[in-house]
Structure formats: structure tokens, C-alpha cells
Amino acid sequence: MKRTENSAALPPAARQLIAKLNARTARVGVVGLGYVGLPLVEAFGHAGYTVVGIDVDERKVQALKKGQSYIEDVPAARIKELIDQGRLEATADFAAVSTLDALSICVPTPLRKTGDPDLSFIVNVTEAIARFLHPGMAIVLESTSYPGTTREILLPKFESRGLKVGKDFFLAFSPERVDPGRKDWTTINTPKVIGGMTPACLEVAKAYYGQAIQTLVPVSSAEAAEMAKLLENTFRAVNIGLVNEVALMCDRLGLDVWEIIDAAASKPFGFMKFSPGPGLGGHCIPIDPLYLSWKLKTVNYTARFIELASEINTNMPRVAVQKVQDALNSVGKPVKGSRILVLGVAYKPDVSDLRESPALDVIGLLGKKGARVAYHDPYVPEVKHDSWNLRCVPSLQTALKSADCVIITTHHSVYDWDKVLRMSRLIVDTRNALGAKGKASAKVTRL
Ligand code: SAJ
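Residues numbered from 1 in each chain as written. Predicted model: local features only at pLDDT ≥ 70, side-chain atom pairs only at ≥ 80, totals over all residues. Heavy atoms only, no water.

## Quick word on the packing of helix H5 (residues 120–130) against helix H6 (residues 149–159)
Step number 1: Direction vectors running N to C along H5 and H6 enclose 30 degrees, while the axes themselves pass 9 Å from each other. Judged by the angle between their axes, H5 and H6 are roughly parallel. Considering the relative orientation of H5 and H6, their crossing is right-handed. Across the interface between the two elements, Ile122, Val123, Thr126, Glu127, Ile129 and Ala130 of H5 pack against Thr149, Ile153, Leu154, Lys157 and Phe158 of H6.
Step number 2: Along the lines of polarity and charge, the residues of the contact of H5 with H6 split into seven nonpolar, two polar and two charged. (Axes fitted to C-alpha atoms, helices over the stretch in contact; angles between N-to-C directions. Helix = DSSP H or I, 4+ residues; strand = E, 2+ residues; numbered from the N terminus. Parallel < 35°, antiparallel > 145°, perpendicular 65-115°, else oblique. Left-handed = near helix turned anticlockwise from the far one by under 90°. Contact = heavy atoms within 4.5 Å. Nonpolar A, V, L, I, M, F, W, Y, C, P; charged D, E, K, R; others polar.)

## What to know about the domain arrangement of the protein
Step number 1: Split by domain assignment, the protein resolves into domain 1 (7–220) and domain 2 (234–446).
Step number 2: Computed from C-alpha coordinates alone, the two centres of domain 1 and domain 2 are separated by 36 Å.
Step number 3: Contacts between domain 1 and domain 2 engage 14 residues on the former and eleven residues on the latter.
Step number 4: When domain 1 packs against domain 2, close to 1,100 Å² is buried across both sides, 64% of that on carbon and sulfur atoms.
Step number 5: Inspection of the domain 1/domain 2 interface yields two salt bridges.
Step number 6: In this structure, lysine 295 engages glutamate 152 in a salt bridge whose closest nitrogen and oxygen atoms are separated by 2.9 Å.
Step number 7: Scanning the region where domain 1 abuts domain 2 turns up six residue pairs in polar contact (both at pLDDT 80 or more).
Step number 8: A breakdown of the residues in the side of domain 1 that touches domain 2 according to their chemical character gives seven nonpolar, three polar and four charged. (Domains from an automatic or database assignment. Buried area = accessible area lost by both parts, 1.4 Å probe. Salt bridge = Lys/Arg side-chain N within 4 Å of Asp/Glu carboxyl O. Polar contact = N/O pair within 3.5 Å; in protein donor to acceptor, adjacent residues only side chain to side chain.)

## So, the sheet that holds strand S13 (residues 405–408)
Step number 1: Strand order in this open sheet of five strands is S10-S9-S13-S14-S15, and the pairing throughout is parallel. Two strands in the sheet have a free side with no partner beyond their single neighbour: strand S10 (372–376) and strand S15 (444–446). Going from strand to strand, the sheet's axes swing by 20 degrees on average, the running direction of each strand aside.
Step number 2: Relative to S13, strand S9 (residues 339–343) runs parallel, the two sharing four bridges. Opposite leucine 343, over in S13, you have isoleucine 408 as the bridge partner. (Pairing = 2+ DSSP bridges.)

Encoded structure:
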């Protein structure tokens, strides 16, 4: 059982709550039961807590009540087991907060159309929780947001109830590190950064999470935890932007960027491999850094690396489409009227998630140039995006043979790349999916 150091200096409410958490007699809750929240429900249930899942989506609530799981990483059997043991409840009613000793917030933090942070999910949930906040409670925000969100948005709404943070209730930030589909690093074994509003908040949050998560990484404040998460994902966005720019440089120098990256990656230290591509997709990497650059603008600072990386990454779909145009020109065909097959539309291999997928931009740009665009993706039966919608072609083989040009945008593992190479007239390979065979073939253009 995990004990908490220097418990003598803690206020009574903290000591009482820590005792309940250590004994697993605490009732804990998770607000937001998506790809982050539901694995957290399972982790808390696995640790021995009684867990209340709260979500505005009644379909999720009903599914859980029936012992079903809608998140691939969470087996239905685990949900059913917790439901049958009476240790998992699901509801859309925030009044349940009044029965909780601790709760975690795992709601989306997308961007608005303007590119600014959309904190409406956090604000709405915070206001709903505040109505039922009671003395002796702990709240941990997990949603990725700019440094200061916990202090500037959650704290005032909670303290407006006449409770004092660090004395009557406890507030912390702990960023999610869920990578859907990953089996090696899970919610339970991935180290978890955690930062409190006050030292007592940190101690309570450590006791809360320490029962379920193998390794905690305490930091000095909620802002430090918020910033650590943004550094993690900004690191990726900037390095992907760098390698995309290296691809543009190599194109002008007549060099093979893939050969050069592989050569650089032979360095056993001081280098981390990233690969160029048709752009930056997903619900984290393209978005999280813009929360940081937005926050810095409010303190009159321009986060140049973030803005430059975003400029390069968001331009890559145009670079990819230009490669298609050049490939068609090489055989005397215009883009207009040509049949183009987009291979793989999910934002990364072996997932069905379309969020921010650059393949969607490629399809839109080709459509604007008058191409007759089709797509194939084994995980995505249909795409509705902006002003167009398409269904996955029924036969990959037929589509490959009839396309004037194929563009590989997402390199799902299930594809037989030898077959794609054999059956296509022209290929633009933005992922080096074809490897050396692609490099050697006159009908293949690579980034
Ligand atoms: N991408 C490239 N080149 C690369 C790597 C990625 O173009 O070298 C593209 C991908 O095709 C995709 C986008 O960038 O469109 C994002 O890819 P990603 O590998 O970063 O995958 P994500 O968005 O699922 O990122 C998640 C993140 N996990 C969390 O935030 C908890 C990220 O921190 C992880 O490092 C990443 O998964 C991972 O490693 O799988």
C-alpha cells in the first residue's frame, strides 16, 4: 500500500481524504469517457476503487451499464466485471459528483475554426462539477491545455463555492499520455506527470493516482505539468516540421531524403528519427502546440518554432499534390479529369481516426484541381469532409488498375505494397511505403 510522506503537515481534510484513497474506500469519478477517460476508469477499477463514469453522451452511459466497451483498448469483459461487482456506475447526471471523493476530467480540448483554443468543454464541465463540489474533494484535470488553465479556469469556479483550495478541496493537473492502440505503454504503466495547486493538493493527487498508476512524476505546480505535456507534443510537431523541411531541401538538391534520414538515424546517440509525410494529423500533435503559442501571444511572445513548424506541416498536403501534378505531367496528363486514387486516409497507420488527417486535405486540393478522386482505406468505409463525401472504393485491385495516379498518404500495415507497385500506372509515395522497390521504379515519385 502506498503511504504519503509528511502527512502531519497536511490539513485535516487532506489527511482524511488520503486515508480513504489509500484504503481504496474512496468513491472516485471520471468525467469524459472517451479514449482517455475509459482506460482511466478501468485503471481506477483495477486498483480497487469504486468508480463513477460521467459523460453527457447517454449512449456511452448505456453501453457501460450493459457491460459493453466502445474503446478498443478497454475489453468489454473488464467493464462487465466492474459493473457486476457493483464497482462501476455510469451516469449523465452531474449530481453524482456530490457522492464522490475524487474525480478526473478527461474532456476534449480542440481548436476553434479561428485556430484559437476551444475550452468550452472544460468550462462547461467545470461549471457542472462546481454545482456539486463539496468539502474534502479532489479534482484532477487531464485534458491537454495551455499553462494556467487549471488555475485560471477551474480554480475560480470551484472557490466561488466558498471553499478554499488546498484546505477544503484539492486541485491538480495530470496530463494524459494515452496512445490509442498501443499495447506496450498503457494508462497504468506510462509514467504520469502530476502538479498541484498547493503542496497539499499534490499530496492528495499523488495518493489518488498512486493507487492505480505505477509511476508518478510530481512537479512543482499545475502549470509545470501543463507545460510538460505541451513540450512533449510540441517536440514532435517541431521535429516533424524540421524533417518535412529537410524533404523540401533534398528535393531542391536532388537528394533522396529517405536515404539521408536513414543514414542520420544510424547515429546511436543524439539523434531521433522522424519521417517526412503529406502533413500532420491526429487530435494531439497538430493542436497542442497551438494552445501553447496562443497562450504566449497573451504575454506578447511569439512562439516562432511552433508557428514555423505549423506553417511547414500544414503546407505539406500542397507539396504532395504538386508531386501528383508533376507525375501526371511526366506522362502528358493534366490533373483535371485524371483518376487519382488516394491510398490510406486515416491520420496514421493502422488506425481509423480521421481527425486532422492530411489525406483529407490532399483529396480536397485534388478535387479543386478537377481530378476525379477516389480513396481506399481498410479502416474507413466513408468520409464526409467539408463540402464533399466519398465512400471507400469497393475493390482496391480495380481502383489501382484504373487510376492514372495513386498517391500513398497513409501506409497501413495491411497493404501488399508489391501488389500496389505492380498494379499502378503511376505512384506518388509520400511515406516511403514502397522502400527500395519504389526508389528503383520509374513510375514512382517519392517525397
Ligand atoms: N508523423 C509524421 N512523421 C513522423 C511522425 C508522425 O509525419 O515522423 C505524422 C503522422 O503521420 C500523424 C501525425 O504526424 O499524421 C501525428 O503522429 P504521431 O506519431 O505523433 O501520433 P499521434 O498523433 O497519435 O501522437 C500520439 C501522442 N500521444 C499522446 O499525446 C499521449 C504522441 O505524444 C505520441 O508520441 C505518439 O502518439 C506516438 O508515439 O505514437
